[in-house]
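Residues per chain, in single letters:
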Amino acid sequence: SQTIHQWPATLVQPVGSPLSLECTVEGTSNPNLYWYRQAAGRGLQLLFYSVGIGQISSEVPQNLSASRPQDRQFILSSKKLLLSDSGFYLCAWRGTGDSQPQHFGDGTRLSIL
Amino acid sequence: AQSVTQPDIHITVSEGASLELRCNYSYGATPYLFWYVQSPGQGLQLLLKYFSGDTLVQGIKGFEAEFKRSQSSFNLRKPSVHWSDAAEYFCAVGTPEGYSTLTFGKGTMLLVSP
């Protein structure tokens, strides 16, 4: 069966420091991959998605970037974190096919000090 | 572009009572519809999905949802709520031309009273 791993679970970083959050999927190939940010009372905001290696689509211009160096690996990065980058970050994957649902990891709670 | 509205930010239900969470969408054709549940500090878990066919969809944990095209709605129901159902619930919409992305509602927080 397919599983998705996200780490770390919790991260506390100072303003201006870099960021790297990693997400990997097992048990499937060529998944669509997604990064979301969730803020209290604001639902889920899609940040990036990828339909293949090296293919990244950005939904919202911001201080973050994403990369997909391998088929089942999706990385969220920042060179310099801002206070506004605090939040709960969720990675998700989806199989190919129009009607496939997205499946989520357990999330990373990022606090910027 | 599609949109999703969950009109209720919070709902409180007594344990054992029935539940209905509302979801309305805006889209020109029949979208793909999903309900997810999120416990505090956790990721989202898929409860059920609708793509086509029977408009009453059964999901996990005793939940069901009904697609009503005339009302552009996809409300989630459960006949008898358990304390463990307390969580946040998200409705989401996807479209065939949406490049696999989903649009989520802002969520409804379900509180269960004893």
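The following refers to the structure shown. (Residues numbered from 1 in each chain as written. Chains lettered and ligands numbered in written order. Predicted model: local features only at pLDDT ≥ 70, side-chain atom pairs only at ≥ 80, totals over all residues. Heavy atoms only, no water.)

### Quick notes on the nonpolar core
Side chains that are nonpolar tend, in soluble globular proteins, to be buried together.
Turning to step 1, where the next piece is worked out: Counting residues in each nonpolar core, the largest one holds 26 residues, and the members touching the most others are Leu19, Trp35, Leu47, Leu48, Phe74, Leu76 and Tyr89 of chain B.
Turning to step 2, where the next piece is worked out: Those elements giving two or more residues to this core turn out to be β2 (10-14), β3 (19-21), β5 (32-38), β6 (44-50), β8 (64-68), β9 (73-78), β10 (87-94) and β12 (108-113) of chain B.
Turning to step 3, where the next piece is worked out: Examining the composition of this core, we find that four residues originate from one element, β10 of chain B, more than from any other.
Turning to step 4, where the next piece is worked out: Beyond its immediate stretch of four places on either side in the chain, Leu48 of chain B contacts Leu33, Phe34, Trp35, Val57, Gln58, Gly59, Phe63, Glu64, Ala65, Phe74 and Leu76 of chain B.
Turning to step 5, where the next piece is worked out: By size, the runner-up hydrophobic cluster in this structure holds 20 residues, among which are Ile4, Cys23, Phe48 and Leu64 of chain A. (Core = buried A, V, L, I, M, F, W, Y, C linked by side-chain atoms within 4.5 Å. Buried < 20%, exposed > 50% of the residue type's maximum accessible area, 1.4 Å probe, protein only. Helix = DSSP H or I, 4+ residues; strand = E, 2+ residues; numbered from the N terminus. Contact = heavy atoms within 4.5 Å.)

### Focus on the sheet that holds strand β1 (residues 3-7) of chain A
All names here are of chain A.
Turning to step 1, where the next piece is worked out: As summarised here, the arrangement of the four strands in space is β1-β3-β8-β7, forming an open sheet in which the pairing is antiparallel. Looking at which strands have only one partner, the edges of the open sheet turn out to be β1 and β7 (65-70). Neighbour-to-neighbour, the strand axes of the sheet open up by a mean angle of 20°, direction not taken into account.
Turning to step 2, where the next piece is worked out: One ladder, built from five bridges, connects β1 with strand β3 (residues 19-26); its direction is antiparallel. From the neighbouring strand, Ile4 faces β3, where its bridge partner is Val25. (Pairing = 2+ DSSP bridges. Axes fitted to C-alpha atoms, helices over the stretch in contact; angles between N-to-C directions.)

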